[in-house]
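In case you want the letters, here they are:
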Amino acid sequence: MAAGETNSDKTGNEGCQLYLVTLPALDPRAFADTLARALDAGDVAALQLRLKDVDDDALRRAIDILRPVAQSRGVAFLLNDRADLAVRHGCDGVHLGQGDGDHAAARKLLGPERTLGITCHNSRHLAMEAGEAGADYVAFGAFFPTATKQAEHTATPDILEWWTEMFELPTVAIGGINAGNCGPLVRAGADFLAVVGAVWNHPDGPEAGVRAMNAAIAAA
Ligand SMILES: Cc1ncc(COP(=O)(O)OP(=O)(O)O)c(N)n1
Ligand SMILES: Cc1ncsc1CCOP(=O)(O)O
Ligand SMILES: [Mg+2]
């Protein structure tokens, strides 16, 4: 997930990559092993640490434990919601929602090398604003019902098609995505599929979840 990556680098489904987002609550020490095994099971482009309802100390501790697990494997380590901590603690980037502060200010704070991802729901307008604010990717969703978050917005694959035809900025699709339903999103041009439950809650474990997502993307 390098800043400046474009859709023109894509060749069919090889251009769509898996982007893991963590469960919202976890014990970082215990999760480090699970994460290592999941990342070793297949191709993962990025991991977003998305912990909700934790204080800054707990967040810093989780970053310090989990960041090396991802980065040592060439997997970009992004932090949810907190550009300040992402910069201070060596993360490769941050994912910000529409209520997560000033996107242009975050861009400045992150500098040119770190990745800035922005939630755009199902809105072409928000996506164009995100591009103007300096986003490295625009995230659309939720494409399917999700148990991970109370998603207030739903998205449809046509926004991926439209965006991909109009702009080079990469897209991330999120929300209820799994190996069984991701085909239309890949074919609509999504550059990344972001998943939580499909991997961490896979009935055969996260490694099987990564392998299933990789296979479904390749087959789409
Ligand atoms: C890749 C990706 N896309 C969307 C989101 C959602 O971000 P946001 O709207 O800020 O909601 P929270 O994740 O903060 O609950 C995301 N985290 N990652
Ligand atoms: C963080 C987030 N933003 C929109 S849907 C979602 C949750 C995605 O989780 P899952 O892949 O389990 O549906
Ligand atoms: Mg947020």
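- Per an unreviewed UniProt entry, the protein is named Thiamine-phosphate synthase, and its organism is Teichococcus oryzae.
- UniProt's Sequence similarities (unreviewed entry) comment on the protein is quoted here verbatim: "Belongs to the thiamine-phosphate synthase family."
- What the UniProt record of the protein gives under Function (unreviewed entry) is the line "Condenses 4-methyl-5-(beta-hydroxyethyl)thiazole monophosphate (THZ-P) and 2-methyl-4-amino-5-hydroxymethyl pyrimidine pyrophosphate (HMP-PP) to form thiamine monophosphate (TMP)."

1. Points about the overall build of the protein
Then comes step 1: For the protein, the helix and strand inventory stands at 9 helices and 8 strands.
Then comes step 2: In terms of overall size, the protein behaves like a compact globule, its C-alpha atoms giving a radius of gyration of 16 Å where 220 residues would be expected to give roughly 17 Å.
Then comes step 3: For the protein, the C-alpha atoms occupy an extent of roughly 40 × 40 × 30 Å along the three principal directions.
Then comes step 4: Among the 220 residues that make up the protein, the fraction classed as buried is 50%.
Then comes step 5: Sequence-distant contacts, at least 24 apart, represent 60% of the contacts inside the protein between residues at least 6 apart.
Then comes step 6: For the protein, the exposed surface amounts to about 9800 Å²; the carbon and sulfur share of it is 49%.
Then comes step 7: If the 18 positive side-chain charges of the protein are averaged to one point and the 29 negative ones to another, these points end up 5 Å apart.

2. A few points about the site of ligand 2
Then comes step 1: Taken together, Arg50, Thr146, Thr148, Lys149, Ile174, Gly175, Gly176, Val195, Val196 and Gly197 form the complete shell of residues around ligand 2.
Then comes step 2: Threonine 148 is positioned with one of its side-chain polar atoms (N or O) 2.4 Å from an oxygen atom of ligand 2.
Then comes step 3: In the environment of ligand 2, an oxygen atom lies 2.9 Å from a nitrogen or oxygen atom belonging to the backbone of glycine 197.
Then comes step 4: When the free accessible area of ligand 2 is taken as 370 Å², the share hidden by the protein chains comes to 88%.
Then comes step 5: Split into classes, the residues belonging to the shell around ligand 2 amount to 3 nonpolar, 5 polar and 2 charged.

3. Observations regarding the packing of aromatic side chains
Then comes step 1: Per the counting criterion, the structure on display carries 6 aromatic pairs.
Then comes step 2: A network of ring pairs unites the aromatic residues Phe140, Trp162, Trp163 and Phe167 as a single cluster.
Then comes step 3: Over the ring of tryptophan 162 we find arginine 124, and its NZ or CZ is 4.4 Å from the ring centre.

4. Some thoughts on the site of ligand 1
Then comes step 1: Taken together, 15 residues form the shell around ligand 1, and within it Arg50, Lys52, Asp100, Thr119 and Lys149 come nearest.
Then comes step 2: In this structure, arginine 50 approaches ligand 1 through a side-chain N or O atom, which is 2.7 Å from an oxygen atom.
Then comes step 3: Separating an oxygen atom of ligand 1 from a side-chain N or O atom of lysine 52 is a distance of 2.7 Å.
Then comes step 4: Isolated, ligand 1 exposes 420 Å² of accessible area, and the fraction of that covered by the protein chains is 90%.
Then comes step 5: Looking at the shell around ligand 1, the elements with two or more residues in it are strand 6 (137–141) and strand 7 (171–174).
Then comes step 6: In terms of residue class, the shell around ligand 1 is built from 5 nonpolar, 5 polar and 5 charged.

5. Some thoughts on the coordination of the magnesium ion (ligand 3)
Then comes step 1: Surrounding the magnesium ion (ligand 3) are the protein donor atoms Asp81 (OD) and Asp100 (OD), at 2.0 to 2.2 Å. Linking aspartate 81 in the loop between strand 3 (76–80) and helix 3 (83–88) with aspartate 100 in the loop between strand 4 (93–96) and helix 4 (103–110), this pair joins segments that are 19 residues apart in sequence.
Then comes step 2: Overall, aspartate 81 belongs to the partly exposed group, its relative accessible area being 22%.

Rules used throughout
- Residues numbered from 1 in each chain as written.
- Chains lettered and ligands numbered in written order.
- Predicted model: local features only at pLDDT ≥ 70, side-chain atom pairs only at ≥ 80, totals over all residues.
- Heavy atoms only, no water.
- UniProt positions renumbered as here; feature names shortened; annotations may be inferred.
- Helix = DSSP H or I, 4+ residues; strand = E, 2+ residues; numbered from the N terminus.
- Rg over C-alpha atoms; globule rule 2.2 N^0.38 Å.
- Buried < 20%, exposed > 50% of the residue type's maximum accessible area, 1.4 Å probe, protein only.
- Contact = heavy atoms within 4.5 Å.
- Areas by Shrake-Rupley, 256 points an atom, 1.4 Å probe, with all protein chains shown as cover.
- Lys, Arg positive; Asp, Glu negative; His and termini not counted.
- Charge placed at Lys NZ, Arg CZ, Asp CG, Glu CD.
- Near = heavy atom within 4 Å.
- Polar contact = N/O pair within 3.5 Å; in protein donor to acceptor, adjacent residues only side chain to side chain.
- Nonpolar A, V, L, I, M, F, W, Y, C, P; charged D, E, K, R; others polar.
- Phe/Tyr/Trp six-rings, centres within 6.5 Å; stacked < 30°, edge-to-face > 60°.
- Lys NZ or Arg CZ within 6 Å of the ring centre and 35° of its normal.
- Donors = N, O, S within 2.8 Å, 3.2 Å for Na, K, Ca; no water.

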